Amino acid sequence: MGKIFVLAEHRQGQIRDITYEILTKARELAETTNSELTAIILGKDIKEQAKNLSEYAKTVLLVQDAKMEGFNSEAYKKILSKLITEHKPSLVMMGHTSYGIELAPRLAAALNIPLATDCVGLDFKGDALTVTRQLYGGKVNVKATVCKAQTYMVTIRQATFTVQKPAQPANGEIIEIPSPLKEEIAEKRFIQYVLPTIGGVDITSAEKLVSVGRGIKDVVNIPVVEELAKALGAILVCSRPIVDKGWLSSDRQVGTSGKTVKPKLYLAIGISGAFQHVLGMKNSDLIIAINKDPNAPIFGFADYGVVQDLFKIVPAIKDKIIETKKPKL
Amino acid sequence: MDIIVCVKHVPETTDAELKIDPSGKSIETAGLVFDINEWDDYALEEAVRIKEKEGGKVTAITIGPKDSESTLRKCLARGADAAIRLTDPRFEGSDAYAIAKILHSIIKTLHYDLIFTGMQAADDGNAVVGPVLAEMLGIPHVTLVKKIELSTGTAKVNRELEGGLEEQIEVKLPSLFSIQTGINEPRYVSIMGIRKAMQKEIKVVSLVDTGLTENDVGLAGSWINIESVYMPQVEKQAVFLKGTDDEIATKIAEILKSRGLI
């Protein structure tokens, strides 16, 4: 085929894991489709980072510009439009991350390149591209074909592909291209990073976590899970909707936009298991999940599952734990 | 401050056990409750709050058949001033790109200072419509917006990055923001609001009024064509604990005890 472009993602000097995940998949695709893998990195003072990419890619295109202090999708769009138009790659890949979500659709629309987002699989048959995605928060998968084009664009879900360092480093050639940006991007400007407020609880060091999701339905029901956590000596944490609704503070949020945890026990209550949550807890030692829907994705990650109304089963578990903990006379 | 909010009428599936439709290309929607997409709910609320502070007009727009009017009614009840529904049998099969084209066809005829979309839709989770629409309109956009501070001609917005980090961006208006959940607390709708909303007119627009052709919309105008929808294979399956509540609780207590967790 032609070239495969992978856009590297970096923040505060660090190349992000998603980049190596995509490069790993892209290497495999380059081999099966007989394509040439090109990594692209844009930013300010990023020569060192470009070297890391050359282990994976045959060519690394580097554009440095003092005007690219933080991420700016308009600056990226301008530079990538030029590179894509010149090189005509058959595939452009980037992460379905806060950066990819900002950039990919706009770039695709500007160049009229068909785009499939948040892909968990992709497959070429000749020059036809089929992608796998998820619908309804991961409850259903979809296979879709992308309309035929000279160039396709995809964004890849985080942690979909496992990073494999090449056995033989690719020793890619780093080609620095002068920045085509003539002036500052006027319409949109990065100001600063805003750090999360430090909360009162450190959920990452807790041994036992009881986690609550949307299934709890109302803030008045929070004590149901709170009491179980207390009986277990566990800390109460939650999935995103609970923080969005203001029912628990953001320092208790587990998932991609919260914290990653690895306790000895993770008891998930009323959590369906969208990947944003799962990525934050799947490496826990023991996972027990309670959910009404037997097909909830969380059961694909749990060791034990209970399909039951949480309002019935959670108080029963709490009572049993208190009973078990009582010293026998 | 005139604000356009693009909303989608979607099935509520969090607690539901989903089944694949006989066509193999979608889920069975019979028995599912449809409502405003969660992200759009926050977007509408944010628009109404800005209007209440700054004045102006909020217009809610959706694409969909007659039953999606309930989502527009909800927007009107919450404080939207006008509502438009784009509908046509030929819109069927439109992906996010085609949807953006349809929205663009009407929005380019309206006055706006801001356009809001949800960051993504709960059903297909593309996160594509907003930025594509902004590109078509030639205005800047910011996705994953968690905070908006308006000044004259510009806005400072916080957008969500990973791990709780945010970045602050300054952007010129008019602009399009895709709104992330948690930006505000959407209000409950009062009975009065619902009554008033029932009387408001919803403007209906079909393909002929958009200036688009049938090749621009539906499958012909889309990037993505759904081949099949199926239940995902799981890597490992949980051991399901069964029995009465007491039996299940006993088993869980035993598991925890055997691992020294209680």
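Predicted model only: the values in this text are computed from it and were never measured.

Scoring rules and cut-offs
Residues numbered from 1 in each chain as written. Chains lettered and ligands numbered in written order. Predicted model: local features only at pLDDT ≥ 70, side-chain atom pairs only at ≥ 80, totals over all residues. Helix = DSSP H or I, 4+ residues; strand = E, 2+ residues; numbered from the N terminus. Buried ≥ 20, exposed ≤ 12 C-beta atoms within 10 Å, placed from the backbone. Contact = placed C-beta atoms within 7 Å. Axes fitted to C-alpha atoms, helices over the stretch in contact; angles between N-to-C directions. Parallel < 35°, antiparallel > 145°, perpendicular 65-115°, else oblique. Left-handed = near helix turned anticlockwise from the far one by under 90°. Nonpolar A, V, L, I, M, F, W, Y, C, P; charged D, E, K, R; others polar. Domains from an automatic or database assignment. Pairing = 2+ DSSP bridges. Right-handed = clockwise from strand over helix to strand, strands pointing away. Core = buried A, V, L, I, M, F, W, Y, C linked by C-beta atoms within 7 Å.

Enquirer: Before we go on, may I ask you to explain the overall build of chain A in this structure?
Expert: Along its length, chain A carries eight helices and 18 strands. In terms of overall dimensions, chain A has C-alpha extents of about 80 × 45 × 35 Å along its principal axes. Counting every position in chain A, which comprises 329 residues, the buried fraction comes to 51%.

Enquirer: Explanation requested: the overall build of chain B in the structure shown.
Expert: Check the secondary structure of chain B and you find seven helices and 13 strands. With respect to the three principal axes, the spread of C-alpha positions in chain B is 65 × 45 × 40 Å. Split into buried and exposed, the 262 residues of chain B put 48% on the buried side. For chain B, the proportion of contacts with a sequence separation of at least 24, taken over those separated by at least 6, is 70%.

Enquirer: What exactly am I supposed to notice about the packing of helix 8 (residues 310-325) of chain A against helix 7 (residues 245-258) of chain B here?
Expert: The axes of two packed helices give the description: the angle between them and the distance between them. One can describe the packing of helix 8 of chain A onto helix 7 of chain B by two numbers: an axis separation of 8 Å at closest approach and a directional angle of 50°. Here helix 8 of chain A lies oblique to helix 7 of chain B, going by the angle between them. In the packing of helix 8 of chain A onto helix 7 of chain B, the handedness of the crossing is right-handed. Residue-level contacts link A:Lys312, A:Ile313, A:Ala316, A:Ile317, A:Lys320, A:Ile321 and A:Thr324 of helix 8 of chain A to B:Asp245, B:Asp246, B:Ile248, B:Ala249, B:Thr250, B:Ile252, B:Ala253 and B:Lys257 of helix 7 of chain B. For the contact of helix 8 of chain A with helix 7 of chain B, the residue count by class is eight nonpolar, two polar and five charged.

Enquirer: I'm lost on the domain arrangement of chain A in this one. Help?
Expert: Residues and elements named next belong to chain A. When its domains are assigned, chain A resolves into domain 1 (3-176) and domain 2 (203-325). Centre-to-centre, using C-alpha coordinates, domain 1 lies 35 Å away from domain 2. Of the residues lining the interface, six residues belong to domain 1; the matching set on domain 2 comes to eight residues. Tallied by class, residues from the side of domain 1 that touches domain 2 come to one nonpolar, three polar and two charged.

Enquirer: Would you take a moment to explain the interface of chain B and chain A for this structure?
Expert: Many descriptions give the size of an interface as the accessible area lost when the pieces come together. If you look at the interface, chain B gives 72 residues, while chain A gives 76 residues. Per element, the largest residue contribution to the side of chain B that touches chain A is ten residues, and it comes from helix 7 of chain B.

Enquirer: Sorry, what's going on with the environment of A:Gly126 here?
Expert: When you line up the elements, A:Gly126 lands in the loop between strand 8 (121-125) and strand 9 (128-135). Considered as a pair, A:Gly126 and A:Thr33 are 93 residues apart in the sequence and their alpha carbons are 8.0 Å apart.

Enquirer: Explain the packing of helix 3 (residues 96-107) of chain B against helix 4 (residues 129-137) of chain B here, please?
Expert: Residues and elements named next belong to chain B. Their axes nearest at 9 Å, the elements helix 3 and helix 4 cross at an angle of 45°. Relative to helix 4, the element helix 3 lies oblique. With respect to the hand of their crossing, helix 3 and helix 4 are arranged in right-handed fashion. Residue-level contacts link Ala-96, Tyr-97, Ile-99, Ala-100, Leu-103, His-104 and Ile-107 of helix 3 to Val-129, Val-132, Leu-133, Met-136 and Leu-137 of helix 4. Tallied by class, the residues present in the contact of helix 3 with helix 4 amount to eleven nonpolar, one polar and no charged.

Enquirer: Where do I start with the sheet that holds strand 6 (residues 91-95) of chain A in this structure?
Expert: Within a beta sheet, neighbouring strands are joined by backbone hydrogen bonds and run either parallel or antiparallel to one another. Residue and element names in this part refer to chain A. Strand order in the open sheet formed by seven strands is 7-11-6-1-4-5-12, with parallel pairing between adjacent strands. For this open sheet the edge positions go to strand 7 (115-119) and strand 12 (173-176), each flanked by a neighbour on one side alone. Strand-to-strand, the axes of this sheet are offset by a mean angle of 20°, without reference to chain direction. Of the strand pairs in this sheet, strand 4 (residues 36-43) and strand 5 (residues 59-64) are connected by six bridges, and their pairing is parallel. Each residue of the ladder has a partner; that of Ala-39, found in strand 5, is Val-60.

Enquirer: Just to check I follow, could you spell out the pairing of strand 15 (residues 235-238) of chain A for this structure?
Expert: When a strand is regular, its side chains alternate between the sheet's two faces. Residue and element names in this part refer to chain A. Here four bridges tie strand 14 (residues 208-212) to strand 15, and the two strands are oriented parallel to one another. Opposite Leu-209, over in strand 15, you have Ile-235 as the bridge partner. Regarding topology, helix 5 (residues 222-232) serves as the crossover connection from strand 14 to the parallel strand 15, and that connection is right-handed.

Enquirer: Is there a simple way to explain the nonpolar core in this structure?
Expert: Across soluble globular proteins, you tend to see nonpolar side chains buried next to one another. A:Val6, A:Ala39, A:Ile40, A:Ile41, A:Met93, B:Val5 and B:Ala60 are the most contacted members of the largest nonpolar core, which has 126 residues in total. Among the elements that line this core, the one with the most residues is helix 3 of chain B, at eight residues. A:Leu209, A:Val210, A:Ala229 and A:Leu248 belong to the second-largest nonpolar core, a separate cluster that totals 54 residues.

Enquirer: Which parts of the structure should I look at to understand the pairing of strand 17 (residues 286-291) of chain A?
Expert: Residues and elements named next belong to chain A. Where burial is concerned, most of strand 17 is hidden: five out of the six residues are buried. As paired strands, strand 16 (residues 265-269) and strand 17 are joined by five bridges and run parallel to one another. In the sheet register, Ala-268 faces strand 17, and the bridge partner there is Ala-289. Note that strand 17 and strand 18 (residues 304-307) share four bridges and pair parallel. From the neighbouring strand, Ile-290 faces strand 18, where its bridge partner is Val-306.

Enquirer: How should I be thinking about the environment of A:Leu232 in this particular structure?
Expert: Residue placement: A:Leu232 occurs in helix 5. Exposure remark for A:Leu232: the 22 C-beta atoms within 10 Å place this residue in the buried category. Spatially, the C-alpha atoms of A:Leu232 and A:Val210 are 8.6 Å apart, while their sequence positions differ by 22 residues. Once residues within four sequence positions are removed from consideration, A:Leu232 is found in contact with A:Lys208, A:Val210, A:Ile321 and B:Ile262.

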